[in-house]
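# Working through the structure, step by step
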Amino acid sequence: MKHISLILISAMMLFSACTESVDNAVRQNRMPKIFPDYIGVTIPVNIAPMNFCIDGSVEKVDVTVSGSKGGEIHVQGDYADFDIDEWHSLVSQNKGGKLTFSVCAKKDGQWARYNDFCMTVSQYDMPDYALTYRRIAPGYEVYSKMGLYERRLDNFDERALIENTQVPGMCVNCHTSCKTNPDSYVFHIRGDHGGTLFKTGGNTEILKAKNDSIKGSMVYPYWHPSGKYCAFSTNMTRQGFHMVKDERVEVFDLSSDVFVYDVEKHELIVDTLLSTKQYSENSPVFSADGRTLYYITSLQQDYPLHFKDQKYNLCRIAFDPATGRYGQKADTIYNAVSEGKSVTWPRPSYDGRYLMFTKMDYGYFSIWHKESDLYLLDLNTMKSWPLKEANSRDADSFHNWSIGSHWFVFTSRRIDGLYSHLYLSCIDEKGQATKAFLLPQKNPLDYYTSSIYSFNTPDFTSAPVEIDSRKVGASILSDKRTETKVR
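All values reported here derive from a predicted model rather than from experimental measurement.

### Quick word on the nonpolar core
If you look at the biggest cluster of nonpolar residues, it comprises 94 residues, and the most contacted ones within it are Ile43, Phe52, Phe82, Trp87, Phe101 and Leu387. Ranked by the residues each element gives to this core, the list is headed by strand 25 (residues 312-320), at 5 residues. For Trp87, the contacting residues outside a window of four places in its chain are Ile43, Ile47, Ala48, Pro49, Met50, Ile73, Phe82, Leu99 and Phe101. Counting 17 residues, the second-largest nonpolar core is a separate cluster that includes Val172, Tyr185, Phe187 and Ile476.

### Regarding the pattern of salt bridges
With the rule as written, the count across this model stands at 17 salt bridges. Between Lys106 and Glu20 there is a salt bridge, and its shortest N-O distance comes to 3.0 Å. With a gap of 86 residues between them, Lys106 in strand 7 (residues 98-107) and Glu20 in the loop between helix 1 (2-18) and strand 1 (26-27) connect regions that are remote in the sequence. As a salt-bridge pair, Glu429 and Arg353 come within 3.4 Å of each other at their nearest N and O atoms. Here the residue Glu429 occupies a position in the loop between strand 33 (421-426) and strand 34 (437-438), and Arg353 occupies one in the loop between strand 27 (342-348) and strand 28 (354-360), the gap between them amounting to 76 residues. According to the relative accessible area criterion, Glu429 is partly exposed, its value standing at 45%. Residue class for Arg353 comes out partly exposed when judged on its relative accessible area of 28%. Among the ionic contacts, a cluster of salt bridges with common partners joins Asp262, Glu267, Lys485 and Arg487.

### Section: the environment of Thr344
Locating Thr344 in the fold gives a position in strand 27. Its relative accessible area of 0% is what places Thr344 among the buried residues. Each C-alpha atom of the pair Thr344 and Gly363 lies 8.1 Å from the other, and the pair is 19 residues apart in sequence. The residues touching Thr344, leaving out its near neighbours within four places in the chain, are Ile296, Phe357, Thr358, Met360, Tyr364 and Ser366. A distance of 2.9 Å separates a polar side-chain atom of Thr344 from the backbone oxygen of Tyr364.

### A few points about empty space enclosed by the protein
Counted according to the given criterion, the structure contains 1 cavity of 30 Å³ or more. For the largest cavity, the calculated volume is near 100 Å³. What lines the largest cavity is a set of 13 residues, and nearest its centre among them are Cys174, Thr176, Pro221, Arg347 and Phe398. Residue assignment for the lining of the largest cavity shows that the elements contributing at least two residues are strand 13 (171-178), strand 19 (219-223), strand 27, strand 31 (396-401) and strand 35 (454-461). For the lining of the largest cavity, the class distribution of residues is 7 nonpolar, 4 polar and 2 charged.

### A closer look at the sheet that holds strand 29 (residues 373-378)
Spatial ordering of the open sheet is given by 27-28-29-30, a layout of 4 strands whose pairing is antiparallel. If you trace the sheet from one side to the other, it starts and ends with strand 27 and strand 30 (384-386), each paired once. Across the sheet, the mean angle from the axis of one strand to that of its neighbour is 30 degrees, orientation sign disregarded. Of the strand pairs in this sheet, strand 29 and strand 30 are connected by 3 bridges, and their pairing is antiparallel. Paired with Leu376 across the bridge in strand 30 is Trp385.

### Some words on the pairing of strand 25
In this structure, strand 24 (residues 292-299) lies alongside strand 25, joined through 7 bridges in antiparallel fashion. Paired with Tyr295 across the two strands is Cys315, which belongs to strand 25. Inspection of the sheet shows strand 25 paired to strand 26 (residues 325-334) by 6 bridges, in the antiparallel sense. Counterpart to Ile317 in the pairing with strand 26 is Ala330. Here strand 25 folds back onto strand 26, and the loop between the two strands holds 4 residues, one of which, Gly324, carries a positive phi near 75 degrees.

### Here's the deal with the packing of aromatic side chains
One pass over the structure, following the stated rule, counts 30 aromatic pairs. Their ring planes at 75 degrees and their centres at 5.0 Å tell us that Tyr447 and Tyr448 sit as a pair that is edge-to-face. Each residue in the set Phe52, Phe82, Trp87, Phe101 and Phe117 is aromatic and connected to the rest through ring pairs, giving one cluster. Above the plane of the ring of Tyr453 lies Arg135, whose end atom (NZ or CZ) is 5.2 Å from the centre. We note Arg414 situated over the ring of Tyr423; from NZ or CZ to the ring centre the distance is 4.5 Å.

### Here's the deal with helix 4 (residues 469-477)
Listed as buried for helix 4 are Ser469, Val472, Gly473 and Ile476. Summarising the axial view, the buried residues of helix 4 lie within an arc of 100 degrees, below the 170-degree limit, and thus occupy one face. Of the exposed residues in helix 4, the ones pointing more than 90 degrees away from its buried face are Arg470 and Lys471. Check the buried side of helix 4 and you find it contacts strand 12 (158-163), strand 14 (181-190), strand 15 (195-200) and strand 16 (203-208).

Cut-offs applied
Residues numbered from 1 in each chain as written. Predicted model: local features only at pLDDT ≥ 70, side-chain atom pairs only at ≥ 80, totals over all residues. Heavy atoms only, no water. Core = buried A, V, L, I, M, F, W, Y, C linked by side-chain atoms within 4.5 Å. Buried < 20%, exposed > 50% of the residue type's maximum accessible area, 1.4 Å probe, protein only. Helix = DSSP H or I, 4+ residues; strand = E, 2+ residues; numbered from the N terminus. Contact = heavy atoms within 4.5 Å. Salt bridge = Lys/Arg side-chain N within 4 Å of Asp/Glu carboxyl O. Polar contact = N/O pair within 3.5 Å; in protein donor to acceptor, adjacent residues only side chain to side chain. 1 Å grid on protein atoms, 1.4 Å probe; cavity = no way out; pocket = protein on both sides within 12 Å on 5 of 7 lines; lining within 4 Å. Points joined across faces, edges and corners; volume = space filled by probe spheres on them. Nonpolar A, V, L, I, M, F, W, Y, C, P; charged D, E, K, R; others polar. Pairing = 2+ DSSP bridges. Axes fitted to C-alpha atoms, helices over the stretch in contact; angles between N-to-C directions. Phe/Tyr/Trp six-rings, centres within 6.5 Å; stacked < 30°, edge-to-face > 60°. Lys NZ or Arg CZ within 6 Å of the ring centre and 35° of its normal. Arc of directions from axis to C-beta.

So this is what it looks like as structure tokens:
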């Protein structure tokens, strides 16, 4: 026991010797320039430590974090690197309160003290376990190393669900779970052994890539809350490349239709209201109660000549879960075309109160549009507004809700205009978004400046996704596929 005490005392003395005093720091009447920009953000209790770096060539940083309801932690080092257990203890103690950050930085042998800044610890829980997403180098024609990944929210652990090294020459994308349930998910595989993989409980099967009746693949999935159905669109997609500054590539569809898939019966439920020649229907999602199907639609254009005239409205049609039948008419609930704009990626909150979408000048593939912004539609009043605190001057795009219907994740290119990264924000009771923050990393500057990957199609999961990647990879490479039929 005496030996253990001596070890602890020695460790404390060593730590004390390595920690420099900042008592003589020179006051700077300005905020520190930190990366990521976490100043004034609102965070959930279960978020990983909000580590940050000081912009510029500083030798060392010193940070003290004090809670408005009590508690304090102190770190000193190359960057603000908070202990996970100490961080979670402090944040939990200050739920509904504030954290104040006192920051000093050493440069050219002299310490400087900056103005304090705060973070708010939200009263709203984010009950999810992790995020899932695709991570891919931003190429256009050839798949480099890419895959589907799961990243825990309360720490920095990331693991691969499946990578294309296990299915050479193919692309895996659009991992989508049923109401964040990791036991029910779907994702699509492109390539010679393409298909649509479904997992429901203990059953995993791969559907045939194309059905002649729909003349395309099953893409952009969204589950019915019951898990009995999954909505898809089928698209004949093409790419076009720009010759002007700040515009790189445009994705458009020669045609697209919407349908619902009956998971148990392997039936595609099609309807002439959702499969028209004059219009392109796309991006279907079910309402929280499962009785409405939302989707976007655009007047078909002569592509690629008139691609800038491709503008989508937000529509809905009734759906009866008991019979799998659609309503008799489709309604436009947000007319973006009348504004000279286009909407895409509708996503209803799980409590049924809101529907979030992306608005842009034209088209639907918003990750390539600098002007794309997030909007919220109140499904009771049908009023909509931009999420100003979450949006930026660059592409803010593909989004999904936390199961608690307050937090959401989305992609943004705001760091450099080239790579899309994951951001989190919260919707308050008035439908306003908090300042978005970049997904925390252990060493954020090193992680984000050395990464050559973009993150896209993010979603939440309530527990670890169970997947045997070797077995799934072998199934994908096989010729075994489940046939589908049209109802």
